[in-house]
Amino acid sequence: MIRCCRSLAWIAAALAFSVVAAQAQTAYPDRPVKIIVPIGPGGSYDLVGRHLADALSKRAGQSFFVENKPGAGTVVGTQAAAQSEPDGYTLLVGGLSNMAFNSALYSKLGYDPLRDFVPVALVYKFGYVMVGRKDLPQAKLQDIVAAAKANPGSISVATAGVGTGQHLVAAAFMKAAGVKLLEVPYKGSPPAFTDLLAGRIDLFFDSVAAGLPYVQSGQAKGIAVLSSRRSPLAPDVPTLSEAGVPGLDVDSWLGIFAPARTPPEVIAKLRRDIRASLPDLKERFEKSGGEAWDLPDDKLDAFVASEHQSWTKLIQEAGIKLD
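Everything quoted here is computed from the prediction, not taken from an experiment. (Residues numbered from 1 in each chain as written. Predicted model: local features only at pLDDT ≥ 70, side-chain atom pairs only at ≥ 80, totals over all residues. Heavy atoms only, no water.)

Student: Would you mind going over the pairing of strand β6 (residues 182–185) with me for this structure?
Tutor: The two faces of the sheet receive side chains in turn, since in a regular strand these alternate between them. Relative to β6, strand β5 (residues 156–159) is paired through four bridges, and the arrangement is parallel. Following the sheet pairing, Val157 is matched in β6 by Glu183. (Pairing = 2+ DSSP bridges. Helix = DSSP H or I, 4+ residues; strand = E, 2+ residues; numbered from the N terminus.)

Student: Got a minute to help me understand the confidence of the model for the protein chain in this structure?
Tutor: In low-pLDDT segments, the atomic positions of the prediction should not be examined closely. When pLDDT is averaged along the protein chain, the result is 89, and 92% of the positions lie at 70 or above. Confidence drops under a pLDDT of 50 for residues 1–25, and excluding neighbours within four residues, the segment shows one contact in the predicted structure. (pLDDT = per-residue confidence, 0-100. Contact = heavy atoms within 4.5 Å.)

Student: Looking at this structure, how should I read the packing of helix α4 (residues 96–105) against helix α11 (residues 300–318)?
Tutor: What describes two packed helices is the angle between their axes and the distance between those same axes. The geometry of α4 relative to α11 is characterised by a closest axis approach of 8 Å and an angle of 40 degrees between their N-to-C directions. On the basis of their axis angle, the class for α4 and α11 is oblique. Crossing of α4 over α11 shows right-handed handedness. Contacts between α4 and α11 pair Leu96, Met99, Ala100, Phe101, Ser103, Ala104 and Leu105 from the former with Glu307, His308, Trp311, Thr312, Ile315 and Gln316 from the latter. Tallied by class, the residues present in the contact of α4 with α11 amount to eight nonpolar, four polar and one charged. (Axes fitted to C-alpha atoms, helices over the stretch in contact; angles between N-to-C directions. Parallel < 35°, antiparallel > 145°, perpendicular 65-115°, else oblique. Left-handed = near helix turned anticlockwise from the far one by under 90°. Nonpolar A, V, L, I, M, F, W, Y, C, P; charged D, E, K, R; others polar.)

Student: Would you take a moment to explain the layout of surface pockets for this structure?
Tutor: Over the atoms rolls a probe the size of a water molecule, and in doing so it shows where empty space is left. Estimated volume of the largest pocket: approximately 790 Å³. Forming the walls of the largest pocket are 40 residues, and the residues nearest its centre are Ser44, Tyr45, Tyr128, Gly165 and Gln166. Elements supplying a minimum of two residues to the lining of the largest pocket: α2 (43–60), α4, β4 (117–133), α6 (165–177), β7 (203–207), α8 (208–216) and β9 (251–259). Looking at which element gives the most residues to the lining of the largest pocket, the answer is α4, with five residues. Looking at the lining of the largest pocket residue by residue, the classes come out as 19 nonpolar, 19 polar and two charged. Taken together, 32 residues make up the lining of the second largest pocket; nearest its centre are Phe126, Gly127, Ser227, Val250 and Asp251. (1 Å grid on protein atoms, 1.4 Å probe; cavity = no way out; pocket = protein on both sides within 12 Å on 5 of 7 lines; lining within 4 Å. Points joined across faces, edges and corners; volume = space filled by probe spheres on them.)

Student: Explain the packing of aromatic side chains here, please?
Tutor: Centre-to-centre distance and the angle between the planes together describe a pair of aromatic rings. Enumeration over the complete set of coordinates arrives at eleven aromatic pairs. With a centroid separation of 5.9 Å and 50 degrees between ring planes, the pair formed by Tyr124 and Phe126 is classed as tilted. The class of Tyr124 is buried, set by a relative accessible area of 3%. The buried category is assigned to Phe126, whose relative accessible area is 11%. Centroid distance Phe173 to Phe205: 5.4 Å. Interplanar angle 45 degrees. Geometry classified as tilted. With Phe173 in helix α6 and Phe205 in strand β7, this residue pair connects regions lying 32 residues apart in the sequence. Through a chain of ring-to-ring contacts, three or more aromatic side chains come together here, namely Tyr124, Phe126, Tyr128 and Phe285. For the cation-ring pair, Arg31 lies above Tyr89, with the distance from its terminal atom to the ring centre recorded as 3.6 Å. (Phe/Tyr/Trp six-rings, centres within 6.5 Å; stacked < 30°, edge-to-face > 60°. Buried < 20%, exposed > 50% of the residue type's maximum accessible area, 1.4 Å probe, protein only. Lys NZ or Arg CZ within 6 Å of the ring centre and 35° of its normal.)

Now the structure itself:
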């Protein structure tokens, strides 16, 4: 009898727990949800964070808000997210910088992008474009490669700072093309474009959204886009493969990540709401020079791991460090 009573008590407790858990699942979110953007206001991380916060707030009937937490590139905000409670109420905008680059750029990093986070959804991607000064003697990519091979370091390329996407894309291009360009570091894209337009720098790699307006206005040459297909914003600019440097297709990507051990039901709810919001975000993302992206859930982990591995290999081979 005593054993029976105890068994019934355990069953009752288990049922009560199940009811509470089910209520918690259906209630999420029942308070505001913070989305950490690991850079300051402006830029693609911030754009994705704010657009998703707005869309999710409308869909969930609860406030999703952005907290910009810049510092050490994307390290400070990402580390804060990694150390937050895994309950679904702190999320992170993640991309190449904090999920693929930083592990190789820093000897001691306060988080592990693969161990400490789970990708909730990848929603936005954009390509890079190689632009040249308008009076660059070489009109085509093959001519630039030939000149760089004949006289290494004779052609200059701007970078937007050590370890930035623009810097690492330039490094990836040099490896793929087998050339050595003269790297000139700048503190961000604006001063790099200033010198490119003034003819003091030969080449620069930047996002399609940032670079193509100068091409379209005739202030710079559009040499090639680094995506697998041409940009609809500049259909006359060839891809790298079309221009003679195959094997390098680079798309930058952004999405939402949650701390590891966030309950699966919370992840599932977020994925449903984000996926349902993407049609409404399509036009907003395209206006920013990118595109809405919906990578299937079962491919997320493998994709992020693959990007982390390939960029880590390139950064280590190039000997690029930030500490």
